[in-house]
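What follows is the residue order along each chain.
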Amino acid sequence: MVITSAMPAPAATPSCDGTESSEQRAIAAAVLCDQPVVIESTLSEYAQVLAQPDGRLRFESAVEPQRTRRADGSWVDVDLTLRLGVDGLLRPAASVADVAFSNGGDKPLVELRRGGQSMALSWPGSLPTPTVSGDSATYAEVFPDADLVVRASSLIFNLGSACIDPG
């Protein structure tokens with residue numbers, strides 16, 4: 001005769017990937033891995049709570065968004081680097097607002113969508129193909145000796161001053 005007893009399943013060992021689903025698991029992972037661990041349920045665009053290796057919790061908050069949600073519900077750090085989208089518009093890699101800039105031609109200079117609202121800002125005439133550097137797109141010679149610069153920001157976008165060649 002074999003006698004078995006019901007034993008509770010062992011708790012999953014915390015991972016050292018930097019995030020955990022609960023405060024208890026985050027503290028255990030922080031102590032085990034000797035590194036701060038984000039408590040996933042505390043994440044927002046502006047704030048997070050991290051479990052520390054000494055067992056304490058640290059609250060971090062910012063005045064500008066630090067992260068944004070992807071369509072699948074996961075969080076990603078804000079990355080304002082402009083990339084050409086499949087729709088032919090320049091978009092930040094990861095931004096709180098859905099902002100897009102013209103890649104030249106007759107499309108609006110800027111399109112913005114957020115919270116079910118949208119707006120577009122057009123340019124009178126055709127825009128040249130911009131030079132892209134990081135979070136900025138520069139449209140050269142939109143007027144004689146004047147460039148137009150647009151820049152993605154963590155909340156929306158900025159229209160830079162025209163760069164005028166005093167020459």
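Placed above this text is the structure.
This text gives an overview of the structure that appears in the document. (Residues numbered from 1 in each chain as written. Predicted model: local features only at pLDDT ≥ 70, side-chain atom pairs only at ≥ 80, totals over all residues. Heavy atoms only, no water.)

1. Quick look at the environment of Val110
Then, in step 1: Mapped onto the secondary structure, Val110 falls in strand S10 (residues 110–114).
Then, in step 2: By relative accessible area, which is 0% here, Val110 ends up buried.
Then, in step 3: It is 5.1 Å that separates the C-alpha atoms of Val110 and Leu121, two residues lying 11 residues apart in sequence. (Helix = DSSP H or I, 4+ residues; strand = E, 2+ residues; numbered from the N terminus. Buried < 20%, exposed > 50% of the residue type's maximum accessible area, 1.4 Å probe, protein only.)

2. Topic: the sheet that holds strand S1 (residues 19–20)
To summarise the sheet geometry, strands pair through backbone hydrogen bonds and adopt either a parallel or an antiparallel arrangement.
Then, in step 1: Sheet architecture is open: four strands sit in the order S1-S2-S3-S4, paired in mixed fashion. Either end of the sheet is taken by a strand with one partner, and the two such strands are S1 and strand S4 (57–61).
Then, in step 2: Summarising the sheet, S1 and strand S2 (residues 37–39) pair through two bridges and their orientation is parallel. Residue pairing across strands places Thr19 opposite Val38, the latter belonging to S2. (Pairing = 2+ DSSP bridges.)

3. Some remarks on the packing of aromatic side chains
Then, in step 1: Applying the stated criterion to the full structure yields one aromatic pair.
Then, in step 2: Ring geometry for Trp123 versus Phe143: centroids 5.6 Å apart, planes at 50°, classification tilted. Here the residue Trp123 occupies a position in the loop between strand S11 (117–121) and strand S12 (131–133), and Phe143 occupies one in strand S13 (residues 136–143), the gap between them amounting to 20 residues.
Then, in step 3: We classify Phe143 as partly exposed; its relative accessible area is 48%. (Phe/Tyr/Trp six-rings, centres within 6.5 Å; stacked < 30°, edge-to-face > 60°.)

4. So, the environment of Ser126
Then, in step 1: Within the secondary structure, Ser126 is located in the loop between S11 and S12.
Then, in step 2: Sequence-wise, Ser126 and Val142 are 16 residues apart; in three dimensions their C-alpha atoms are separated by 8.9 Å.
Then, in step 3: Residues in contact with Ser126, not counting those within four places in the same chain, are Gly105 and Asp106. (Contact = heavy atoms within 4.5 Å.)

5. Quick notes on the pattern of salt bridges
Then, in step 1: Per the counting criterion, the structure on display carries eight salt bridges.
Then, in step 2: Between Asp54 and Arg56 there is a salt bridge, with its nearest N and O atoms 2.7 Å apart.
Then, in step 3: The partner of Asp87 in a salt bridge is Arg91, with the nearest N and O atoms 2.5 Å apart.
Then, in step 4: Asp87 gets classed as partly exposed once you look at its relative accessible area, which sits at 31%. (Salt bridge = Lys/Arg side-chain N within 4 Å of Asp/Glu carboxyl O.)

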